[in-house]
Amino acid sequence: MTKLILMRHGQSLWNQLNLFTGWVDIPLSHQGIHEALEGGRKIKDIPIDIVFTSTLVRAQMTAYLVMSQHHSGKVAVVKHDDEAQLADWGKIYSSKTEGKTIPVYYVWQFNERYYGELQGLNKSETAEKYGHEQVHIWRRSYDIAPPGGESLEMTAARTIPYFEETVVPMLERGKNVFISAHGNSLRSIVMDLEGLSKEEVLQLEIPTGAPLIFNYEQGSFTREEL
């Protein structure tokens, strides 16, 4: 049995300001840093073999803060397998040293839902302008996208194939996997793992900095309570 750990990044500076963020690359707030560290302490004793994070800095900061609390003492090392020159420059020539590292992969497919023309807008002011019901539809419906952006269905169309083609084979090989990502990209993955309907997933809340743990065995996932 292997473990999959999912964590939504800690509060970002734009979460704090109640702004639509999407793919705008915003770092964590002080509270977000605290949340990531606290989340890391909750899973410090669970072995982790490989880390995936989105290409956005708030998820990356969360991943490194989490790993800074891990009791393995291993160092998280970014892998640039898709860039030959960077991969060559980053080669480790000591097998002993390499054995004390945990590979980290940046994956754009795990980025937050793209909010299009809402990015940078204040959520409350946008609700006053367009109506609370319309903004709720943009934020919470499954298959309706905000202007110029992605719906949750469109987000799932990129997260789930990557998860099934890349992450699941790691689990099948006995690797424990940690994914640091975003509210909507993780909602789409949890929807797939737990077989939620498009109505049920709309009620799924994933808090910032709180690890979700799934056990993987014989092709099926079961959630484990911390």
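Residues numbered from 1 in each chain as written. Predicted model: local features only at pLDDT ≥ 70, side-chain atom pairs only at ≥ 80, totals over all residues. Heavy atoms only, no water.

In contact at an axis separation of 6 Å, helix α6 (residues 123-130) and helix α7 (residues 132-140) are set at 125 degrees when each is read in the N-to-C sense. Taken together, the axes of α6 and α7 are oblique relative to one another. Listed contacts from α7 to Lys123, Thr126, Ala127 and Tyr130 of α6 are His132, Gln134, Val135, Trp138 and Arg139. Here the contact of α6 with α7 is built from residues that sort into four nonpolar, three polar and two charged. (Axes fitted to C-alpha atoms, helices over the stretch in contact; angles between N-to-C directions. Helix = DSSP H or I, 4+ residues; strand = E, 2+ residues; numbered from the N terminus. Parallel < 35°, antiparallel > 145°, perpendicular 65-115°, else oblique. Contact = heavy atoms within 4.5 Å. Nonpolar A, V, L, I, M, F, W, Y, C, P; charged D, E, K, R; others polar.)

The next thing to look at is the side chain of asparagine 176. Along the polypeptide, asparagine 176 turns up in the loop between α8 (152-172) and β5 (177-181). Of the residues examined, asparagine 176 reaches a relative accessible area of 11% and is grouped as buried. Among the polar contacts listed, one links the side chain of asparagine 176 to the backbone nitrogen of lysine 3, at a separation of 2.9 Å. The contact partners of asparagine 176, leaving out residues within four places of it in the chain, are Thr2, Lys3, Ile46, Pro47, Ile48, Asp49 and Ile50. (Buried < 20%, exposed > 50% of the residue type's maximum accessible area, 1.4 Å probe, protein only. Polar contact = N/O pair within 3.5 Å; in protein donor to acceptor, adjacent residues only side chain to side chain.)

With that out of the way, let us pick up the environment of glutamate 200. Looking at where glutamate 200 falls in the secondary structure, it is placed in the loop between α9 (183-194) and β6 (212-217). We classify glutamate 200 as partly exposed; its relative accessible area is 44%. In sequence terms glutamate 200 and lysine 129 are 71 residues apart; their C-alpha atoms lie 28 Å from each other. At a separation of 2.9 Å, a polar atom in the side chain of glutamate 200 contacts the main-chain amide nitrogen of serine 197.

Time to look at the UniProt feature "active site" (unreviewed entry) in the protein. Here the UniProt-annotated "active site" (unreviewed entry) positions come out as His9 and Glu112. With the annotated positions falling across 104 residues, the maximum pairwise C-alpha distance of 10.4 Å places them together in a single cluster. Of the annotated set, the members that line the largest pocket are His9 and Glu112. Taking the relative accessible area as the measure of exposure, histidine 9 reaches 3% and is therefore buried. Ignoring anything within four residues of it in the chain, the contact list for histidine 9 reads Asn15, Leu28, Arg58, Ala59, Thr62, Ala181, His182, Thr208 and Gly209. Its place among the elements puts glutamate 112 in the loop between β4 (101-106) and α6. Overall, glutamate 112 belongs to the buried group, its relative accessible area being 8%. Sequence-distant contacts of glutamate 112, that is, excluding residues within four places in its chain, are made with Gly22, Trp23, Leu56, Arg58, Glu150, Arg158, His182, Gly183, Asn184 and Ser185. (UniProt positions renumbered as here; feature names shortened; annotations may be inferred. 1 Å grid on protein atoms, 1.4 Å probe; cavity = no way out; pocket = protein on both sides within 12 Å on 5 of 7 lines; lining within 4 Å.)

Evaluation of the coordinates by the stated rule reveals eight salt bridges. A salt bridge links aspartate 143 to lysine 198, with the shortest nitrogen-to-oxygen separation between them at 4.0 Å. Of the two residues, aspartate 143 sits in the loop between α7 and α8 while lysine 198 sits in the loop between α9 and β6, which places them 55 residues apart along the sequence. Residue classification places lysine 198 among the partly exposed residues on the basis of a relative accessible area of 40%. With a closest N to O distance of 2.7 Å, glutamate 150 and arginine 158 form a salt bridge. Given a relative accessible area of 12%, glutamate 150 falls into the buried group. (Salt bridge = Lys/Arg side-chain N within 4 Å of Asp/Glu carboxyl O.)

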